[in-house]
Amino acid sequence: MADKRSSTSIDNNSRTSFQSNSDKNSIFETASLISCVTCLSDTDTIDRSETSTMDTSRDDLSGDPEVHYPSVNGQLPANTVIPYGRILDARYIDNESLHYHDAVSSSTSPLKSPFNNSGQENVGDIDTFQWQERKSNSLSRKSNSSSSIISSRPSSIKLVEIIFARPRRHDVVPKRVSLLIDYKPHPSPHMKEDEDLIEEILKRSYKNTKRNKSIFVIVNPFGGKGKAKKLFMTKAKPLLLASRCSIEVVYTKYPGHAVEIAREMNIDKYDTIVCASGDGIPHEVMNGLYQRPDHVKAFNKLAITQIPCGSGNAMSVSCHWTNNPSYSTLCLIKSVETRIDLMCCSQPSYAREHPKISFLSQTYGLIAETDINTEFIRWMGPARFELGVAFNIIQKKRYPCEIYVKYAAKSKNELKTHYLEYKSKGSLEYQHIAMKKHKEDRNNYNYDNEYDTETEDEDENEDEGEEEEDCPNFYGSVNPSTDQITEEDFKIKFPLDEGVPSDWERLDPNISSNLGIFYTGKMPYVAADTKFFPAALPSDGTIDMVITDARTSLTRMAPILLGLDKGSHVLQPEVLHSKILAYKIVPMLANGLFSVDGEKFPLEPLQVEVMPRLCKTLLRNGRYVDTDFDSM
Ligand SMILES: Nc1ncnc2c1ncn2[C@@H]1O[C@H](COP(=O)(O)OP(=O)(O)OP(=O)(O)O)[C@@H](O)[C@H]1O
């Protein structure tokens with residue numbers, strides 16, 4: 001490093017600056033090792049709309065594709081920008097503990113959990129992991145001169161430790177840097193002179209999201225060909241602990257175990273359930289919570305999300321825009337709690353006892369048969385599915401049935417109009433959530449700083465006014481950012497035993513008796529490379545329905561199948577694509593099955609209705625991954 005004195009970089013939105021100094025014997029050496037100019041930036045983050053879901057190996061959370069953090073002997077290069085979107089934690093450090101080291105590699109790292117790394121299995125028990133404060137530090141750099149510089153520094157200069165998610169190979173890992181920051185906050189009615197720097201950094205780093213989440217992790221050790229546990233421990237847990245989330249981990253022991261776990265867990269202790277698994281565990285968790293007598297409280301209190309550790313990770317691809325476990329973890333740490341629609345499934349064999357919740361999809365016919373009947377060639381990976389579909393198409397296999405539908409947007413034109421309308425409502429809702437979070441942060445801040453009562457009252461009134469003015473409400477009486485569901489939201493509108501309502505339309509029997517694919521869903525991706533429902537939206541109150549006719553010629557089926565990765569299959573004239581509120585499908589085959597969220601369901605009449613906004617999940621930027629459906 002050539003610079004003799006500290007460099008300062010200014011973050012655009014404040015006068016917060018970050019100094020470093022590289023005098024050889026100086027305590028500042030630590031900072032200058034990091035960079036000549038290190039800047040914390042608002043241009044974070046998680047806000048790169050063009051990010052591809054498959055592009056996770058790249059630095060795709062930086063907001064700027066050019067910003068990288070190559071490892072130069074563990075140092076950050078000069079002129080490094082650390083986006084707030086990657087900052088996991090910040091704290092003051094004292095003279096004794098100045099340091100710079102890789103958070104995951106240090107033996108004394110507080111990021112190391114008390115988890116027994118001896119390889120001992122812990123299946124079935126709950127493991128609790130908490131953040132532990134550092135007691136000592138192996139890489140401290142101290143000297144008399146440095147101590148004196150620190151002790152004689154102006155009071156506006158603070159020594160802080162920033163822990164951020166740094167790209168390493170295909171992943172992000174927690175990394176520490178120590179910085180000297182010359183902090184001169186703006187004078188404002190909400191902030192006192194010399195207000196807390198760490199609080200300011202954390203507020204910016206956790207915009208729109210809850211800090212210090214209390215997470216219940218359910219790992220399916222069987223998922224992802226047995227790799228789920230290792231993936232969670234190595235890729236996700238260090239990031240969760242670094243961001244001061246408290247986590248408790250439990251392992252499933254048999255199929256259906258996650259239903260029991262969710263039905264019996266203590267919901268008071270947590271705000272988030274993380275499924276380190278494929279899509280099977282979130283399906284079970286939602287059903288377990290649904291079966292609880294206090295399901296209203298459960299769905300109001302908990303957000304359910306996934307770290308992709310299975311073979312089918314549609315939830316993570318749709319919600320976190322990635323199927324990489326470490327990036328997905330960073331996303332969930334930084335994501336916005338958002339309500340999504342669920343679907344309620346009823347079939348004669350279980351409906352009386354308890355209907356089932358589906359969050360992803362239901363399918364009958366070609367896709368369902370192929371998914372389940374090619375299990376024996378699972379070793380082939382994703383190719384097994386394509387091979388199976390092709391085989392069935394060549395055979396022109398038909399799946400006769402009767403289908404009754406309550407439409408919301410039947411034609412492709414109506415569907416597009418619906419999509420565009422509800423997509424923009426969704427982004428307004430996100431702004432609303434962002435504004436509310438901002439106010440909460442501000443209020444917490446004021447509270448901590450013991451503002452006098454008069455000021456608080458004034459603020460409250462001011463906030464109420466702002467809310468009404470700035471936040472148009474598209475959800476009737478329900479405020480989208482604070483909405484709590486009630487028992488009414490769980491009420492089934494179309495009970496199975498009441499028959500098909502008169503306003504439902506019967507699908508042309510000419511098509512339904514020659515059915516090829518019947519697929520209904522609520523998330524855009526059904527697998528990492530299959531954008532089956534490009535028009536799916538988190539809470540538009542509808543289900544997307546896609547139907548094909550088994551008589552479609554092979555030459556016409558080719559562009560349909562080849563369009564599945566881009567979602568353009570729905571544009572083909574042979575494909576029926578509608579938005580619906582409910583449906584009933586009555587299979588006319590002796591053998592077969594339904595696949596619901598990838599799980600096998602019996603071949604019986606199936607009735608499904610949308611359950612609007614029932615579940616809270618974590619969505620990157622408050623929305624599903626962009627599918628480009630607007631421009632199709
Ligand atoms: N310990 C276990 N042993 C066997 N099966 C289990 C166990 N725990 C959970 N399961 C079952 O594994 C199924 C699949 O789980 P999940 O979706 O998490 O993984 P996956 O690798 O994506 O699976 P899939 O093979 O369905 O793609 C679920 O139906 C679940 O009930």
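So, how was this worked out
- Residues numbered from 1 in each chain as written.
- Predicted model: local features only at pLDDT ≥ 70, side-chain atom pairs only at ≥ 80, totals over all residues.
- Heavy atoms only, no water.
- Helix = DSSP H or I, 4+ residues; strand = E, 2+ residues; numbered from the N terminus.
- Buried < 20%, exposed > 50% of the residue type's maximum accessible area, 1.4 Å probe, protein only.
- Contact = heavy atoms within 4.5 Å.
- Near = heavy atom within 4 Å.
- Polar contact = N/O pair within 3.5 Å; in protein donor to acceptor, adjacent residues only side chain to side chain.
- Areas by Shrake-Rupley, 256 points an atom, 1.4 Å probe, with all protein chains shown as cover.
- 1 Å grid on protein atoms, 1.4 Å probe; cavity = no way out; pocket = protein on both sides within 12 Å on 5 of 7 lines; lining within 4 Å.
- Points joined across faces, edges and corners; volume = space filled by probe spheres on them.
- Nonpolar A, V, L, I, M, F, W, Y, C, P; charged D, E, K, R; others polar.
- Pairing = 2+ DSSP bridges.
- Axes fitted to C-alpha atoms, helices over the stretch in contact; angles between N-to-C directions.
- Parallel < 35°, antiparallel > 145°, perpendicular 65-115°, else oblique.
- Left-handed = near helix turned anticlockwise from the far one by under 90°.
- pLDDT = per-residue confidence, 0-100.
- Phe/Tyr/Trp six-rings, centres within 6.5 Å; stacked < 30°, edge-to-face > 60°.
- Lys NZ or Arg CZ within 6 Å of the ring centre and 35° of its normal.
- Salt bridge = Lys/Arg side-chain N within 4 Å of Asp/Glu carboxyl O.
- Core = buried A, V, L, I, M, F, W, Y, C linked by side-chain atoms within 4.5 Å.
- Domains from an automatic or database assignment.

Student: Got a minute to help me understand the environment of Tyr-290 in this structure?
Tutor: Tracing the backbone through its elements, the reader meets Tyr-290 in helix H7 (residues 280-290). On the accessibility criterion, Tyr-290 (4% relative accessible area) is buried. Separated by 67 residues in the primary sequence, Tyr-290 and Ile-357 place their C-alpha atoms 7.5 Å from one another. Look past the residues within four positions of Tyr-290 in its chain and what remains in contact with it is His-295, Phe-299, Cys-344, His-354, Pro-355, Ile-357, Phe-490, Ile-492 and Met-611.

Student: Hey, could you run me through unusual backbone geometry in this one?
Tutor: In terms of backbone geometry, most residues other than glycine have negative phi values and most peptide bonds are trans. Positive phi, normally seen in glycine, also occurs at Arg-169, with a value near 50°. Tracing the backbone shows Arg-169 in the loop between strand S7 (157-168) and strand S8 (171-183). Under the relative-accessibility criterion, Arg-169 is labelled exposed at 72%. With phi around 55°, Lys-225 is a residue other than glycine that occupies positive phi space.

Student: Just to check I follow, could you spell out the site of the ligand for this structure?
Tutor: Taken together, 20 residues lie around the ligand, and Gly-224, Thr-252, Gly-280, Glu-284 and Ser-311 are the ones closest in. At a separation of 2.7 Å, a nitrogen atom of the ligand approaches a polar side-chain atom of Thr-252. Taking Gly-278, its main chain carries an N or O atom lying 2.9 Å from an oxygen atom of the ligand. Expressed as a share of its isolated accessible area of 630 Å², the protein-covered part of the ligand is 81%. If you list the elements that add at least two residues to the shell around the ligand, you get helix H4 (223-226) and H7. When residues in the shell around the ligand are grouped by element, the largest group, three residues, is from H7.

Student: Mind showing me how you'd approach empty space enclosed by the protein here?
Tutor: Remark: the empty space left among the atoms is shown by a probe the size of a water molecule rolled over them. Under the criterion given, the structure shown has four cavities of 30 Å³ or more. Volume-wise, the second largest cavity comes out at about 50 Å³. Around the second largest cavity, the lining residues are Cys-344, Ser-346, Ile-492, Phe-494, Pro-495, Leu-496, Gln-607, Val-608 and Glu-609. If you list the elements that add at least two residues to the lining of the second largest cavity, you get strand S13 (336-346) and strand S23 (606-619). Classifying every residue of the lining of the second largest cavity gives six nonpolar, two polar and one charged.

Student: Mind showing me how you'd approach the pairing of strand S20 (residues 576-587) here?
Tutor: Extensive coverage of S20 is indicated by the burial of 10 of its 12 residues. In this structure, strand S16 (residues 401-409) lies alongside S20, joined through eight bridges in antiparallel fashion. Residue pairing for S20: Lys-406 is matched across the bridge by Ala-582. Pairing analysis gives five bridges linking strand S19 (residues 543-549) to S20, with the strands arranged antiparallel. Along S20, the bridge assignment pairs Asp-544 with Lys-579. Of the pairings in the sheet, the one linking S20 to S23 comprises four bridges and is antiparallel in character. Bridge pairing in S23 places Lys-584 opposite Gln-607.

Student: I keep staring at the packing of helix H5 (residues 228-242) against helix H10 (residues 325-334) and nothing clicks. Help me out?
Tutor: Geometrically, a packed helix pair is captured by the angle between its two axes and the distance between the axes. Axis separation between H5 and H10 bottoms out at 9 Å; the angle between their running directions is 30°. Of the possible angle classes, the one that applies to H5 and H10 is roughly parallel. Every pair of crossing elements has a handedness; the one defined by H5 and H10 is right-handed. Contacts between H5 and H10 involve Leu-231, Lys-235, Ala-236, Leu-239 and Leu-240 from the former and Pro-325, Ser-326, Thr-329, Leu-332 and Ile-333 from the latter. Of the residues in the contact of H5 with H10, the class split is seven nonpolar, two polar and one charged.

Student: Teacher, can you tell me more about the confidence of the model for the protein here?
Tutor: Low pLDDT means the predicted atomic positions in that stretch should not be read closely. Residues of the protein with pLDDT of at least 70 account for 63%, and the chain-wide mean is 75. Note that pLDDT drops below 50 for residues 1-36; the model gives that stretch 114 contacts with residues more than four away or on any other chain. Segment residues 44-74: pLDDT under 50, and 83 contacts once partners within four positions in sequence are set aside and those in other chains are kept.

Student: For this particular structure, what's the right way to read the packing of aromatic side chains?
Tutor: Two measures describe an aromatic ring pair: the distance that separates the ring centres and the angle between the ring planes. Tallied over the entire structure, the rule returns 12 aromatic pairs. Consider the rings of Tyr-290 and Phe-490, whose centres lie 5.9 Å apart with planes at 15°: the pair is stacked. In this pair, Tyr-290 sits in helix H7 while Phe-490 sits in the loop between helix H14 (453-470) and strand S17 (505-506), placing the two residues 200 residues apart along the sequence. By relative accessible area, which is 5% here, Phe-490 ends up buried. Grouped by ring-pair contacts, the aromatic residues Tyr-290, Phe-299 and Phe-490 constitute a single cluster. A cation sits over an aromatic face here: Lys-229 above Tyr-251, 5.1 Å from the ring centre.

Student: Teacher, can you tell me more about the pairing of S8 here?
Tutor: In the case of a regular strand, side chains alternate between the two sheet surfaces. Most of S8 is tucked away, with 13 of its 13 residues classed as buried. The two faces of S8 match: Asp-171, Val-173, Lys-175, Val-177, Leu-179, Ile-181 and Tyr-183 on one face and Val-172, Pro-174, Arg-176, Ser-178, Leu-180 and Asp-182 on the other face are all buried.

Student: For this particular structure, what's the right way to read the pattern of salt bridges?
Tutor: Oppositely charged side chains may form a pair once their charged atoms are brought near each other. A complete count under the given rule lists 26 salt bridges for this structure. For Arg-244, the salt bridge is made with Asp-89, and the minimal N-O distance between the two is 2.5 Å. Placement of the pair is Arg-244 in the loop between H5 and strand S10 (246-251) and Asp-89 in strand S5 (residues 87-92), with a sequence separation of 155 residues. Residue Asp-89 is classed as buried on the basis of its relative accessible area of 3%. Ionic pairing is found between Asp-565 and Lys-566, a salt bridge with its closest N-O pair at 3.9 Å. Judged by its relative accessible area of 38%, Asp-565 is partly exposed.

Student: Is there a simple way to think about the nonpolar core in this case?
Tutor: In summary, soluble globular proteins display a tendency toward joint burial of nonpolar side chains. Membership of the largest hydrophobic core comes to 46 residues, with the highest contact counts inside it found for Leu-88, Ile-162, Ile-201, Val-217 and Phe-232. With eight residues, the top contributor of residues to this core is H5. Residues lining this core come from more than one domain, with at least three contributed by each of domain 1 (7-101 + 137-205) and domain 2 (214-334). Residues within four places of Val-217 in sequence aside, it is in contact with Phe-232, Ile-247, Glu-248, Val-249, Val-250, Val-274 and Ala-276. Within the second largest apolar cluster, 45 residues are counted, among which are Tyr-350, Phe-518, Ile-547 and Leu-564.

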